[in-house]
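# What the coordinates show
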Amino acid sequence: LPSGLTYLSHSTLKGTYNPSIGIWNIGNLETGAPVTPLIEALVNPPGITMSYISTATIAGTRFDPISTNNISTIELNPLKSDLSLVKTVGNQRPFVNDTVISTVNVINNGPDGATNVAVSDLLPNGFTYTNHVSSKGIYNQFTGTWSVGSLSPTENTTLTIAAMVNVPNYRDWE
């Protein structure tokens, strides 16, 4: 397997496969009898290389008059999405008992859709949750997790949280 893929399992009806070296020993193969291994691998997050190329070759002990069909290459292009987040607050210097409104905006800059998008935004000590409005997904005020779900390329979504500023507990400062 090429780098970027992690071997998980394999199965085949004929022969043996050694995942540590990537060799599938078929044994004797009858004319016209196709055999196919199934190799399951996990696609790791891409690094600088945004695609993975995997090549398979075959060789036997007898003369092969058509060697041009003894190699096959595939290119895997993992889906990717560039998520960005911006958080703003309406009043950065509130008084005690003021309601502060914070807004979190998430956008998927693509090029592909994003799935299982989740944002963590737990209120800090000193604030009491009042309410929230989200244009998509579900916000849990107790854990601070906003489960957005899926975002198409260029789609954005917003979470607005209202919270009241508490009276400070001066014992915490001692």
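Details of the structure are given in the entry above.
Quick notes on the rules
- Residues numbered from 1 in each chain as written.
- Predicted model: local features only at pLDDT ≥ 70, side-chain atom pairs only at ≥ 80, totals over all residues.
- Heavy atoms only, no water.
- Helix = DSSP H or I, 4+ residues; strand = E, 2+ residues; numbered from the N terminus.
- Rg over C-alpha atoms; globule rule 2.2 N^0.38 Å.
- Contact = heavy atoms within 4.5 Å.
- Areas by Shrake-Rupley, 256 points an atom, 1.4 Å probe, with all protein chains shown as cover.
- Lys, Arg positive; Asp, Glu negative; His and termini not counted.
- Charge placed at Lys NZ, Arg CZ, Asp CG, Glu CD.
- Polar contact = N/O pair within 3.5 Å; in protein donor to acceptor, adjacent residues only side chain to side chain.
- Pairing = 2+ DSSP bridges.
- Axes fitted to C-alpha atoms, helices over the stretch in contact; angles between N-to-C directions.

### Brief notes about the overall build of the chain
Check the secondary structure of the chain and you find 0 helices and 13 strands. Its C-alpha atoms give the chain a radius of gyration of 27 Å, clearly above 16 Å, the size a compact globule of 174 residues would have. Look at the contacts in the chain between residues 6 or more apart in sequence, and 62% of them connect residues 24 or more apart. With an accessible surface of roughly 12600 Å², the chain has 55% of that area assigned to carbon and sulfur atoms. Looking at the chain, you have 7 positive and 11 negative side-chain charges, and the mean spots of the two groups are 2 Å apart.

### Looking at the environment of Ser84
Tracing the sequence through the fold places Ser84 in strand β7 (residues 81–89). For the pair formed by Ser84 and Asn69, sequence separation is 15 residues and the distance between their alpha carbons is 46 Å. Leave out the neighbours within four places in its chain, and Ser84 touches Asn105, Val106, Ile107 and Asn109. Within the structure, Ser84 has its side chain in polar contact with the side chain of Asn109 (distance 3.3 Å).

### Structural notes on the sheet that holds strand β10 (residues 127–134)
Taken in spatial order, the 4 strands line up as β7-β8-β13-β10 in an open sheet, and their pairing is antiparallel. In this open sheet, the two edge strands, each paired with only one partner strand, are β7 and β10. Neighbouring strand axes in the sheet, compared pairwise and without regard to direction, differ in orientation by 20° on average. With 8 bridges connecting them, β7 and strand β8 (residues 99–111) associate as antiparallel partners.

Just geometry here; none of it tells us what the structure is for.
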